[in-house]
Structure formats: structure tokens, C-alpha cells
Amino acid sequence: MTKWWKAGPASKCPECGKGELFDGLLKFRAQCPACGNSFADADAGDGPAVIVIAVAGTILVPILLILMFGFHLSPLILMLIMAPLTLITSIGLLRPFKSTLFALQRHNKAGEIIGKKNSDQ
């Protein structure tokens, strides 16, 4: 097993660190092309999106405020600048965060627990 902090941000297989994790922009492959490891359990859930919202907001809100109050741009110009910038930032961050969370799940052997009964009941 490769290091999760190397494989995750690089969007590589968390087992071998060589094969590409994604097939397309944000869809996980069925298996690793290098080692054949199955990615059937790949489900990062909403975690990457929440992290991207927080990080992108931290980056983009100061830019918006500088453009709005520093340059006194009209709302239409602000929208024409910020809309593509927001899309590029969000999509650009989502892929590495999604693959890093998946690598962390594999590293910690995290998964759903189905049918486990609570011993306190």
C-alpha cells in the first residue's frame, strides 16, 4: 500500500500509487489499470464537496470583495469574472480532494458497517 498523502492528491491508485484513479473528470474507474485493484467500493460521499466549498469560499470571497470595493466594478462585470473563476476553482479542487478522501478511506479500512448490532441495546 502506497502512502495516502502521495496517491490522493495525485489521483493515483491508493494501493500501488501508479494507476489513474479517475475515468473522466470525477468518475472513479472500475479498477486500477496498473495493479487491477477494484474501486467498486469507491464512495467519497459529500465530504470532498464540503471541503471544497470551504476552501473555495476562503479563496474567492476576498477576491470578490477586492473587485467589488477596490475597483468598484458593476454587478454584471463581477458576475462575468467570478462565475468562471468559481467553476474553475471548484472543479479544480474537487478531484484531488475526492481522491485524497478515497485514499484515506482505504488507508484506514473505512467502510459501511451493515447489520452490526449495538451491544448496549
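Data block above holds the structure.
Overview of the structure. Only a predicted model underlies this, so the values are computations on that prediction, with no experimental measurement involved.

Brief notes about the pattern of salt bridges
Here's step 1: Tallied over the full model, the rule gives three salt bridges.
Here's step 2: Put simply, Arg106 and Asp41 hold a salt bridge, and the shortest N to O gap is 2.7 Å. Here the residue Arg106 occupies a position in helix α3 (residues 75-107), and Asp41 occupies one in the loop between α1 (4-10) and α2 (47-70), the gap between them amounting to 65 residues.
Here's step 3: Where salt bridges share partners, they join Glu15, Asp41 and Arg106 into one cluster.

Brief notes about a nonpolar patch on the surface
Here's step 1: A grouping of Ile59, Ile63, Leu76, Ile77, Met79, Leu80, Ile81 and Leu85 is seen on the molecular surface, where their side chains present a nonpolar patch of about 660 Å² in accessible area.
Here's step 2: Secondary-structure elements contributing two or more residues to the nonpolar patch are α2 and α3.
Here's step 3: No other element matches α3, which puts six residues into the nonpolar patch.
Here's step 4: Within the secondary structure layout, Met79 lies in helix α3.
Here's step 5: Assessed through its relative accessible area of 49%, Met79 is described here as partly exposed.

A few points about unusual backbone geometry
What you tend to see is this: most non-glycine residues have negative phi, and most peptide bonds are trans.
Here's step 1: The phi angle at Ser11 is positive, at roughly 60 degrees, despite the residue not being glycine.
Here's step 2: Looking at the element boundaries, Ser11 is found in the loop between α1 and α2.
Here's step 3: According to the relative accessible area criterion, Ser11 is buried, its value standing at 6%.

Thresholds, definitions, all that
Residues numbered from 1 in each chain as written. Predicted model: local features only at pLDDT ≥ 70, side-chain atom pairs only at ≥ 80, totals over all residues. Heavy atoms only, no water. Salt bridge = Lys/Arg side-chain N within 4 Å of Asp/Glu carboxyl O. Helix = DSSP H or I, 4+ residues; strand = E, 2+ residues; numbered from the N terminus. Patch = residues over 30% accessible without salt bridge, like charges linked within 9 Å, V, L, I, M, F, W, Y side chains within 5 Å. Areas by Shrake-Rupley, 256 points an atom, 1.4 Å probe, with all protein chains shown as cover. Buried < 20%, exposed > 50% of the residue type's maximum accessible area, 1.4 Å probe, protein only.

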